[in-house]
Amino acid sequence: MRNFTLKCEESYYKIVPPLRVALVDKLVEKGMSVTKASKLAGISVVTYEKNKKKFEKEVSLLKKDDEMNEMLEITSVKYMNKVDEGPFCVMCSVARLVLKLDKCDGQMRKS
């Protein structure tokens with residue numbers, strides 16, 4: 001039997017954790033506490049600290065990419081102003097490209 005993995009599922013493990021760390025970092029830069037920023041990003045402070053070390057390279061790549069950094073900036077402003085949760089799905093799609101993973105097109109891939 002073949003196993004299939006959706007790109008969203010792959011993103012859950014490879015993209016979302018460093019993306020959340022980068023978002024928390026942005027919020028902290030704007031003066032929010034790590035505790036509050038982590039909670040807004042949907043993770044605990046312990047998970048944030050663990051993933052900050054584990055995904056250091058990926059977080060750095062995301063922050064260095066102009067488009068991704070702009071998206072993180074916009075999303076962090078929305079979080080700070082309690083407007084909405086931002087375009088997380090779009091950021092995830094862009095992050096896939098920045099981290100050199102296959103483009104998200106809703107297709108399944110064989111694992």
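Below or above, wherever it landed, is the structure these notes cover. (Residues numbered from 1 in each chain as written. Predicted model: local features only at pLDDT ≥ 70, side-chain atom pairs only at ≥ 80, totals over all residues. Heavy atoms only, no water.)

Overview of the environment of Ser76
Where we set the bar: Going along the chain from the N terminus, every DSSP run of H or I of four or more residues is numbered as a helix, and every run of E of two or more is numbered as a strand. Only protein chains enter the accessibility calculation, which uses a 1.4 Å probe. A residue is then buried if its area is under 20% of the maximum for its type, exposed if over 50%, and partly exposed in between. Here, two residues are considered to be in contact whenever any of their heavy atoms come within 4.5 Å of each other.
Tracing the backbone through its elements, the reader meets Ser76 in helix H6 (residues 66–80). A relative accessible area of 0% places Ser76 in the buried class. Excluding residues that lie within four positions of it along the chain, Ser76 makes contacts with Leu23, Lys26, Leu27 and Lys30.

Considerations on the packing of helix H2 (residues 16–29) against helix H5 (residues 56–64)
To be explicit about the condition: All axes are obtained by fitting lines to C-alpha atoms, using only the stretch in contact for helices, and the reported angles, taken between N-to-C directions, cover 0 to 180 degrees. By the definition adopted for this analysis, an angle is roughly parallel if under 35 degrees, roughly antiparallel if over 145, roughly perpendicular if from 65 to 115, and oblique otherwise. Definitions for this section: a left-handed crossing has its near helix turned counterclockwise from the far helix by less than a right angle. A right-handed crossing has that turn clockwise.
Between H2 and H5, the least distance of the axes is 9 Å, while the angle of their chain directions is 60°. It follows from the interaxial angle that H2 and H5 lie oblique. For H2 against H5, the interelement crossing comes out right-handed. Listed contacts from H5 to Pro18, Leu19, Val21, Ala22 and Asp25 of H2 are Glu58, Val59, Leu62 and Lys63.

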